[in-house]
Amino acid sequence: MSRPPHTSLSHTSLSRTSLSRTSLSHTSLSRTSLPGTDGSRTDRSRISLARPGRSAARLPVALLAAALLAPLAACSSGTTGTTGTSGAGDAKGTSASATASPGAGDRPVTVAVTPAGNQVPAGGPVRVTAIGGTLTSVTVTAADGRTLPGEVAADGRTWTSGRKTAPGAAYEVRTATRSAGGTAGSSTAAFTTAPAGKVNKVDWRPGGATTVGIAQPISLVFDHPVRNRAEVEKQLKVTTSNGTEGSWGWLRDWSGRDRVDWRPRTYWKPGTRVTLEAELNGTDSGPDGGWFVRDYRTAFTIGAGQVVKVDLDRHRLSLVRDGKTLRRIPVSGGTPGGDKRSWRGTAVLMAKEGTINMNSETVGLGNAYDKMVDHSMRLTWSGMYAHAAPWNARFFGRSNQSSGCIGMSDADAAWFYAQVRPGDPFEITGRDTKGVVAPGNGFGAWNLSWAEWQKKSALR
């Protein structure tokens, strides 16, 4: 057998021993099982120099090099990791391996994100799944900086957002994971949602930071039809400072549009603080309705406990505050026997409109009147007001001779206008009237019993 060429390994260190120009004829190779830090045993390559005068095995150079490198790989640390990333440029953008140089037998975690890709349908939650490990944190952020809250399941393997994805949005999903062997890792994925073909909007009352009367409902009127009423109602959250009981009810607004109101079981308690959180962004209102692309919020406070009592038969209005009558005012209501009669039941002061033009043709009464009217207080969408009516002075307290409104003197109207606020109930009684104020004609929900009102919820 011929002697192999003389080979040297320069600058190769092994267990703090420098081997410089080591002759193969004086080198032997063996493997020794050594205890690991976790109690297991790890095979380590061992290099030893032969004693002078003894023959040494003659090994190929490649085998020696492999023996020198083997212990270096076996001693690699698993504490410093690398991140597998799936970015927005990835056409799939669904999963990323969360690796951190795991030790022997410890596989990297794979993270799967749903939905996946670009222009995916909106309106569903985001779900993140860890395969081969657990999730330690998940953050889903839209391009506008808003985040989708969510929770990790008890087993740590899945995360689901508590909010739905919105149409026309771009989302980034960042996750932190831990493998079965305890290795930490992270990953990033991205996806986009398809834009809304049609957008639904909301007009709501009352406005924010206002003080309203004890009969004021929360009222939302929609631009387009709402067919997914239960799904929409689930996104509407009312909180009060004293746990007030109430319910949503769906109805047709006087304008013909879909509407949902929330009213308490009984009149509000004075001083109650109320907040509405309408988390509608990402909710589909159904066929022909379109998507909601924003949330809505309003907060208001309930004012004094006052009720306006109108007795059309006695031609008198009384303002009662906290159980005490402040003033009785002579009035004249709608003319009996025809279309000029007043409504009865509970109407709610919708707005204080000041001096406005009133034209009988706008309420289907021909050309009966067209004049400027002071201290106008709207009670229904159909055109019933309480206001100053000096032209009817001879009838105040005597007979009902108006075109449907509740008229009073200039002086009484000025005083009364200053006392009331939107949300105050007008409890109207009388024998000869048009009928009871309908729920959609202003805020007539109080004319339904509590059981009747509850049945109007889409969640019952």
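Heads up: these notes are all about the structure in this document.

1. Quick look at the sheet that holds strand 19 (residues 236-240)
Part 1 of the argument: Taken in spatial order, the four strands line up as 17-23-22-19 in an open sheet, and their pairing is mixed. In the strand order of this sheet, the two ends are held by strand 17 (210-212) and strand 19, each with one partner. For this sheet, the mean angle separating the axes of adjacent strands, direction not counted, is 25 degrees.
Part 2 of the argument: With five bridges joining them, strand 19 and strand 22 (residues 273-278) adopt antiparallel strand pairing. If you follow Lys237 over to strand 22, its bridge partner there is Glu277.

2. Examining the nonpolar core
Part 1 of the argument: Counting 24 residues, the largest nonpolar core has Leu317, Ile406, Phe416 and Phe426 as the members making the most contacts within it.
Part 2 of the argument: Counting residues per element, the ones that place at least two in this core are strand 24 (306-311), strand 25 (316-321), strand 30 (385-388), strand 31 (406-408), helix 3 (410-419) and strand 32 (425-429).
Part 3 of the argument: Among the elements that take part in this core, helix 3 stands out by supplying three residues, more than any other.
Part 4 of the argument: Dropping the residues within four chain positions of it, Phe416 is found in contact with Val308, Leu317, Leu319, Ile329, Met377, Met408 and Phe426.
Part 5 of the argument: By size, the runner-up hydrophobic cluster in this structure holds 23 residues, among which are Leu220, Leu236, Trp250 and Ala278.

3. Considerations on the environment of His315
Part 1 of the argument: Assignment of secondary structure puts His315 in the loop between strand 24 and strand 25.
Part 2 of the argument: Judged by relative accessible area, His315 falls into the buried class, the value being 14%.
Part 3 of the argument: Placed 84 residues apart in sequence, His315 and Ser399 show a C-alpha to C-alpha distance of 6.5 Å.
Part 4 of the argument: Within polar-contact distance, the side chain of His315 engages the backbone oxygen of Arg398 at 3.1 Å.

4. A word on the packing of aromatic side chains
Part 1 of the argument: According to the stated counting rule, one finds eight aromatic pairs in the structure shown.
Part 2 of the argument: Note on Trp268 and Phe300: the rings are 6.3 Å apart at their centroids and 90 degrees apart in plane angle, and the pair reads as edge-to-face. With Trp268 in the loop between strand 21 (258-264) and strand 22 and Phe300 in strand 23 (residues 296-302), the pair connects residues that are 32 residues apart, well separated along the chain.
Part 3 of the argument: Trp268 gets classed as buried once you look at its relative accessible area, which sits at 2%.
Part 4 of the argument: Relative to Phe426, the ring of Phe416 lies with its centre 6.0 Å away and its plane at 80 degrees, an arrangement referred to as edge-to-face.

5. Topic: helix 3
Part 1 of the argument: Burial in helix 3 covers these residues: Asp412, Ala413, Phe416 and Tyr417. Down the axis, helix 3 shows its buried residues gathered within 130 degrees of arc, on one side only. For helix 3, the exposed residues lying more than 90 degrees away from the buried face are Ala411 and Ala418.

6. Notes on the sheet that holds strand 31
Part 1 of the argument: Pairing in this open sheet of four strands is mixed, and the strands run 28-29-30-31 from one edge to the other. With one partner strand each, in any of the chains shown, strand 28 (351-359) and strand 31 form the two edges of the open sheet. Adjacent strand axes in the sheet meet at a mean angle of 35 degrees, parallel and antiparallel pairs treated alike.
Part 2 of the argument: By the bridge criterion, three bridges tie strand 30 to strand 31 in an arrangement that is parallel. The residue bridging Ala386 from the neighbouring strand is Ile406, located in strand 31.
Part 3 of the argument: Along the sheet, helix 3 makes contact with strand 28, strand 29 (370-378), strand 30 and strand 31, crossing strand 29 at roughly 35 degrees.

What counts, and at which threshold
Residues numbered from 1 in each chain as written. Predicted model: local features only at pLDDT ≥ 70, side-chain atom pairs only at ≥ 80, totals over all residues. Heavy atoms only, no water. Pairing = 2+ DSSP bridges. Helix = DSSP H or I, 4+ residues; strand = E, 2+ residues; numbered from the N terminus. Axes fitted to C-alpha atoms, helices over the stretch in contact; angles between N-to-C directions. Core = buried A, V, L, I, M, F, W, Y, C linked by side-chain atoms within 4.5 Å. Buried < 20%, exposed > 50% of the residue type's maximum accessible area, 1.4 Å probe, protein only. Contact = heavy atoms within 4.5 Å. Polar contact = N/O pair within 3.5 Å; in protein donor to acceptor, adjacent residues only side chain to side chain. Phe/Tyr/Trp six-rings, centres within 6.5 Å; stacked < 30°, edge-to-face > 60°. Arc of directions from axis to C-beta.

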